[in-house]
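Per-entry structural report
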Amino acid sequence: CIIPYVRGRIRSRELASITEEVERLAQTGVKEIVLTGIHISSYGKDKENEVGLADVIDTISKIESIERIRLGSLEPGIITDTFIDRIVDNKKVCPHFHLSLQSGCNTVLKRMNRKYDTARYYESIKLLREVFQHPAITTDLIVGFPQETEDEFAQTLAFLRRCAFSSMHIFPYSRRPGTPAAAMEGQIPRHVQEDRARRAAAVAAELEQDYLSALVGATLPVLFEEEKDGLWQGHAPNYVPVRVQGEDLHNQLRPVEITGIKGSTLVGRLL
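Now for a quick tour of the structure. (Residues numbered from 1 in each chain as written. Predicted model: local features only at pLDDT ≥ 70, side-chain atom pairs only at ≥ 80, totals over all residues. Heavy atoms only, no water.)

1. Let's talk about the overall build of the protein
A count of helical and extended segments in the protein gives eight helices and 10 strands. By its C-alpha atoms, the protein is 55 × 50 × 35 Å across when sized along the principal axes. Sorting the 271 residues of the protein into buried and exposed places 45% on the buried side. Here the analysis covers contacts within the protein between residues at least 6 apart in sequence; of these, 72% occur between residues at least 24 apart. (Helix = DSSP H or I, 4+ residues; strand = E, 2+ residues; numbered from the N terminus. Buried < 20%, exposed > 50% of the residue type's maximum accessible area, 1.4 Å probe, protein only. Contact = heavy atoms within 4.5 Å.)

Following this line, the structure appears as structure tokens:
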């Protein structure tokens, strides 16, 4: 990836600045805050006061009119007993965790210079599922990394099924000049990359439908955002889109009984 070469060193925004912005947004009626950035798992590591991501969550959750706090992409290593203990009882934290994966094969992860293996990654998923009820766990996947064999790709597909992701972003490897991967031997032909991307997408679609099917019959709080094609659409805490019939639901948080699935969206009725 070229990003680490161009972004520079970690620079954490001051907690007071974050809090002030959230307070301003809350005054305008905003109910959900997304904490995002290039590498939010490392928040505070450049500070001397030992503040971390959990401290940001604690602080902004005290702003009364903020109903939800959603986290952006996380490194698997941040999911520890200590971190979970800090957030598990915070009812504003959304049970939606995007954990960067890139590959489900240890030899590929090593070539990518990732700082975790599949065992550590799966441990993060286990910890989340032990304390959150049916959390949505999403990820990113790169297929066709240099030297990736068919057997290594098969290991990745098996690992995807084991993790049972609710949704995935899948990318064929793209050669970036100036990166170590660009100079590696064994670059994978484009047609092979595209074939693997299609096969991974088929697994992702199957896992997504499994996750959505388990939600039919449940009641979920939905924060409505817009009217589309005669139906109001919003997101449940797990970031799954939900559509219902209704009138003037913008920015309302309402309970919805889930009655079915349409594509990647849940449908239901207001309670």
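Picking up after the structure, the text goes on.
2. Overview of the sheet that holds strand β8 (residues 241–244)
Within a sheet, each strand pairs with its neighbour through backbone hydrogen bonds, oriented either parallel or antiparallel. Ordered by their spatial adjacency, five strands build a closed barrel running β6-β7-β8-β10-β9, and the pairing between neighbours is mixed. Within this sheet the neighbouring strands show an average axis-to-axis angle of 50°, counted without direction. Bridge analysis of β8 against strand β10 (residues 265–270) gives two bridges, and the strand direction is parallel. Its bridge partner being in β10, valine 242 is matched across the sheet by leucine 266. (Pairing = 2+ DSSP bridges. Axes fitted to C-alpha atoms, helices over the stretch in contact; angles between N-to-C directions.)

3. So, the packing of aromatic side chains
This model, assessed by the stated rule, comprises six aromatic pairs. Note on tyrosine 116 and tyrosine 121: the rings are 6.1 Å apart at their centroids and 45° apart in plane angle, and the pair reads as tilted. The exposure class of tyrosine 116 is buried, given its relative accessible area of 9%. What makes tyrosine 121 buried here is its relative accessible area of 0%. Each ring, one from tyrosine 121 and one from phenylalanine 159, has its centre 6.0 Å from the other, and the planes form 65°; the classification is edge-to-face. Highlighted residues: tyrosine 121 in helix α6 (residues 118–131) and phenylalanine 159 in helix α7 (residues 150–163), separated in sequence by 38 residues. By relative accessible area, phenylalanine 159 is classed as buried at 5%. Put simply, the rings of Tyr116, Tyr121, Tyr122, Phe159 and Phe165 pair up and form one aromatic cluster. A cation sits over an aromatic face here: arginine 162 above tyrosine 122, 3.8 Å from the ring centre. (Phe/Tyr/Trp six-rings, centres within 6.5 Å; stacked < 30°, edge-to-face > 60°. Lys NZ or Arg CZ within 6 Å of the ring centre and 35° of its normal.)

4. Points about the pairing of strand β4 (residues 136–143)
Successive side chains on a regular strand alternate, one facing one side of the sheet and the next facing the other. The element β4 is extensively covered by neighbouring structure, given that seven of its eight residues are classed as buried. Where strand β3 (residues 96–98) lies against β4, three bridges are found, and the strand directions are parallel. Bridging across to β4, histidine 98 finds its partner in threonine 138. Pairing of β4 with strand β5 (residues 167–172) involves six bridges; the strand directions are parallel. Across the sheet, the residue bridging to isoleucine 142 is phenylalanine 171, located in β5. In terms of handedness, the path from β4 via α7 over to β5 forms a crossover that is right-handed. (Right-handed = clockwise from strand over helix to strand, strands pointing away.)

5. As for the side chain of threonine 118
Within the secondary structure, threonine 118 sits in helix α6. For threonine 118, the residues in contact, after removing those within four places along its chain, are Gly104, Cys105, Asn106, Leu109 and Phe159.

6. Side note on the side chain of glutamine 102
Position of glutamine 102 relative to the elements: it lies in the loop between β3 and α5 (106–111). For glutamine 102, a relative accessible area of 12% translates into the label buried. In this structure the side chain of glutamine 102 is engaged in a polar contact, spanning 2.9 Å, whose partner is the side chain of serine 100. Beyond its immediate sequence surroundings of up to four residues, glutamine 102 is in contact with Met112, Arg114, Tyr116, Asp140, Leu141 and Ile142. (Polar contact = N/O pair within 3.5 Å; in protein donor to acceptor, adjacent residues only side chain to side chain.)

7. Let's talk about the environment of aspartate 140
If you trace the backbone, aspartate 140 turns up in strand β4. According to the relative accessible area criterion, aspartate 140 is buried, its value standing at 15%. Along the primary structure aspartate 140 and lysine 110 are separated by 30 residues, whereas in three dimensions their C-alpha atoms are 17 Å apart. Within polar-contact distance, the side chain of aspartate 140 engages the side chain of histidine 169 at 3.2 Å.

8. Quick notes on the packing of helix α2 (residues 15–27) against helix α3 (residues 53–61)
Contact geometry of α2 with α3 gives a least axis separation of 10 Å together with a crossing angle of 35°. Crossing angle aside, the handedness with which α2 passes α3 is right-handed. Mapping the contact onto sequence places Leu15, Ile18, Thr19 and Val22 in α2 and Val56, Thr59 and Ile60 in α3. In the contact of α2 with α3, the residues fall into five nonpolar, two polar and no charged. (Left-handed = near helix turned anticlockwise from the far one by under 90°. Nonpolar A, V, L, I, M, F, W, Y, C, P; charged D, E, K, R; others polar.)

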